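Structure assessment
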Amino acid sequence: MAAYNIAVISGDGIGVEIVREARRALDAAAAKEGFSLKYNEFLMGGAAIDAVGVPLPDETLEGAKNADAVLFGAIGGTKWDNLPRHLRPESGLLALRKGLDAFANLRPVQVFDALIDASTLKADVVRGVDLLVVRELVGGIYFGEPKGREGGKAFNTMVYTEREVERIAHIAFKAALKRRRKVCSVDKANVLDVSQLWRETVSRVAQEYPTVELSHMYVDNAAMQLVRAPKQFDVIVTGNLFGDILSDEASMISGSIGLLPSSSQGVRGGIFEPIHGSAPDIAGQGIANPLATILSAAMLCEHALGEIGAARRIENAVRTALEQGYRTPDIASYGAVKRCSTEEMGAVVVKLINESK
Ligand code: NAD
């Protein structure tokens, strides 16, 4: 029987509540598929600051490096907002991504028919949207040198090497092979030298994937096309800054922050987490939507463990739970609903996984 080690970082706020439900879904899917999971829990963010004084203890980074994958909830909260930047909870997450060289951030955006009215866009525009944003995560202007301030000016540097672009392009083309075989590379090659290198490099990598159709789009047009006609996209690949903005824009097509999973992957393993934060306003009330984290667990099964059957069981259970009307309060305004708590939603998903053929 295959056995995997999962590093669990629940974090702060609703993190503990949602990760608990994702673990239950993982266990149910593993039992069905005949593999086992061993969980090791680690501290990060505010919880780590309170316990040991730093947002990413060495033990957490080591544990994450030694695991087959990291299941992560969320970090942050007002309690830690006034600390110096390097001691804030968010620095822990950035350091973890850097430490694992998790260079590829994948954010699938799928619109569930049962929640079609949750989107602020018209139902006709969003029905059937199924796209994946692949964002380069550890390079570009967020990390480029030099950066700083001098008197009355401030500067950052957008820099990419061919190697950095090649490896993210390979991730995008490989993902497209398992989807509708279309990659749209987003840049600003009409203005930026770094984007010209990006475009040339992606085009060169594309020659290794002759069955995938490659297109290029300027980022300003992409921002517009995402809300005008999002169904045209399959896989979007882009750099760190453009990806930060476009992936948030794309996530809102579905209209529901509590439903969207993500992964940040490096050479092996990866960090699997919901796109939302620690939601301090609802923490401890048992009403957080656990589905984004449960869907992140499905991505973990598929991308880090290669357990595709388990991933499909979890995804199907989530879809069915929504079709059957189960709703945590954040999505309770849409359709005939059965209101439920975080734990009840988790239990429904587990039951549906257990019943799956
Ligand atoms: P947030 O995503 O935590 O919350 C935004 C709004 O969405 C809130 O009203 C919240 O109640 C709601 N929400 C979020 N997730 C939900 C869920 N699963 N179910 C139901 N409702 C949900 O963003 P914020 O309020 O801007 O940030 C709160 C804290 O989280 C901050 O400290 C921020 O730095 C941190 N943060 C962490 C991450 C991360 O850990 N990856 C990401 C974003 C923000």
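Scroll up to find the structure this text is about.
First things first, this report covers the structure right here in the doc. (Residues numbered from 1 in each chain as written. Predicted model: local features only at pLDDT ≥ 70, side-chain atom pairs only at ≥ 80, totals over all residues. Heavy atoms only, no water.)

1. Structural notes on the packing of helix 10 (residues 291–305) against helix 11 (residues 308–323)
Put simply, helix 10 and helix 11 touch, their axes get as near as 7 Å, and they point 160° apart. Between helix 10 and helix 11, the angle falls in the class roughly antiparallel. For the crossing formed where helix 10 meets helix 11, the hand is left-handed. On helix 11, the residues touching Leu291, Ile294, Leu295, Ala297, Ala298, Cys301 and Glu302 of helix 10 are Ile308, Ala310, Ala311, Arg312, Ile314, Glu315, Val318 and Leu322. (Axes fitted to C-alpha atoms, helices over the stretch in contact; angles between N-to-C directions. Helix = DSSP H or I, 4+ residues; strand = E, 2+ residues; numbered from the N terminus. Parallel < 35°, antiparallel > 145°, perpendicular 65-115°, else oblique. Left-handed = near helix turned anticlockwise from the far one by under 90°. Contact = heavy atoms within 4.5 Å.)

2. Points about the site of the ligand
Lining the immediate environment of the ligand, one finds 21 residues, of which Glu90, Gly277, Ala279, Asp281 and Asn289 sit closest. Taking Glu90, its side chain carries an N or O atom lying 2.6 Å from an oxygen atom of the ligand. Taking Ala279, its main chain carries an N or O atom lying 2.8 Å from an oxygen atom of the ligand. With the chains in place, 68% of the 800 Å² that the ligand exposes on its own is no longer accessible. Within the residue set of the shell around the ligand, elements represented by two or more residues are strand 3 (69–74) and helix 4 (89–99). Grouping the constituent residues of the shell around the ligand by class yields 10 nonpolar, 7 polar and 4 charged. (Near = heavy atom within 4 Å. Polar contact = N/O pair within 3.5 Å; in protein donor to acceptor, adjacent residues only side chain to side chain. Areas by Shrake-Rupley, 256 points an atom, 1.4 Å probe, with all protein chains shown as cover. Nonpolar A, V, L, I, M, F, W, Y, C, P; charged D, E, K, R; others polar.)

3. Focus on the pairing of strand 2 (residues 35–41)
Pairing analysis gives 7 bridges linking strand 1 (residues 2–11) to strand 2, with the strands arranged parallel. Its bridge partner lying in strand 2, Ala2 is registered against Phe35. (Pairing = 2+ DSSP bridges.)

4. Re the packing of helix 6 (residues 162–177) against helix 7 (residues 193–206)
Where helix 6 contacts helix 7, the axes come no closer than 9 Å and their chain directions differ by 50°. One element, helix 6, and the other, helix 7, form an angle in the oblique class. When you trace helix 6 past helix 7, the crossing you get is right-handed. On helix 7, the residues that touch Glu162, Val165, Glu166, Ile168, Ala169, His170 and Phe173 of helix 6 are Leu197, Trp198, Thr201, Val202, Arg204, Val205 and Ala206. Considering only residue class, the contact of helix 6 with helix 7 consists of 9 nonpolar, 2 polar and 3 charged.

5. A few points about helix 6
Between its first and last C-alpha atoms helix 6 spans 22 Å; for 16 residues at 1.5 Å apiece the expected length is 22 Å, and the two agree. Taken together, the buried positions of helix 6 are occupied by Glu164, Val165, Arg167, Ile168, Ala169, His170, Ile171, Ala172, Phe173, Ala175 and Ala176. In this structure, the buried residues of helix 6 make contact with strand 4 (104–110), strand 5 (130–136), strand 8 (182–187), helix 7, strand 9 (213–218) and strand 10 (235–238). (Expected span 1.5 Å × (residues − 1). Buried < 20%, exposed > 50% of the residue type's maximum accessible area, 1.4 Å probe, protein only.)

6. What about the pairing of strand 8?
Within a regular strand, the side chains alternate between the two sheet faces. Burial within strand 8 is extensive, with 5 of its 6 residues counted as buried. In the sheet, strand 8 pairs with strand 9 via 6 bridges, with the strands oriented parallel. Following the sheet pairing, Cys184 is matched in strand 9 by Ser215. Note that strand 8 and strand 10 share 4 bridges and pair parallel. Looking at the pairing, Val183 lines up with Val235 of strand 10.

7. Some thoughts on helix 8 (residues 219–228)
For an α-helix the count is 3.6 residues per turn, leaving residues at separations of three or four pointing the same way. By the burial criterion, the buried members of helix 8 are Val219, Ala222, Gln225 and Leu226. For helix 8, the angular spread of the buried residues around the axis is 110°, confining them to a single face. Check the buried side of helix 8 and you find it contacts strand 5, strand 8, strand 9, strand 10 and helix 9 (240–251). (Arc of directions from axis to C-beta.)

8. A closer look at unusual backbone geometry
Residue Glu145 is joined to Pro146 through a cis peptide bond whose omega torsion reads 0°. Take Pro146: it is sitting in the loop between strand 5 and strand 6 (148–150). In this model, Asp101 sits at a positive phi of 50°, which is unusual for a non-glycine residue. On the secondary structure map, Asp101 appears in the loop between helix 4 and strand 4. Its relative accessible area of 28% is what places Asp101 among the partly exposed residues.

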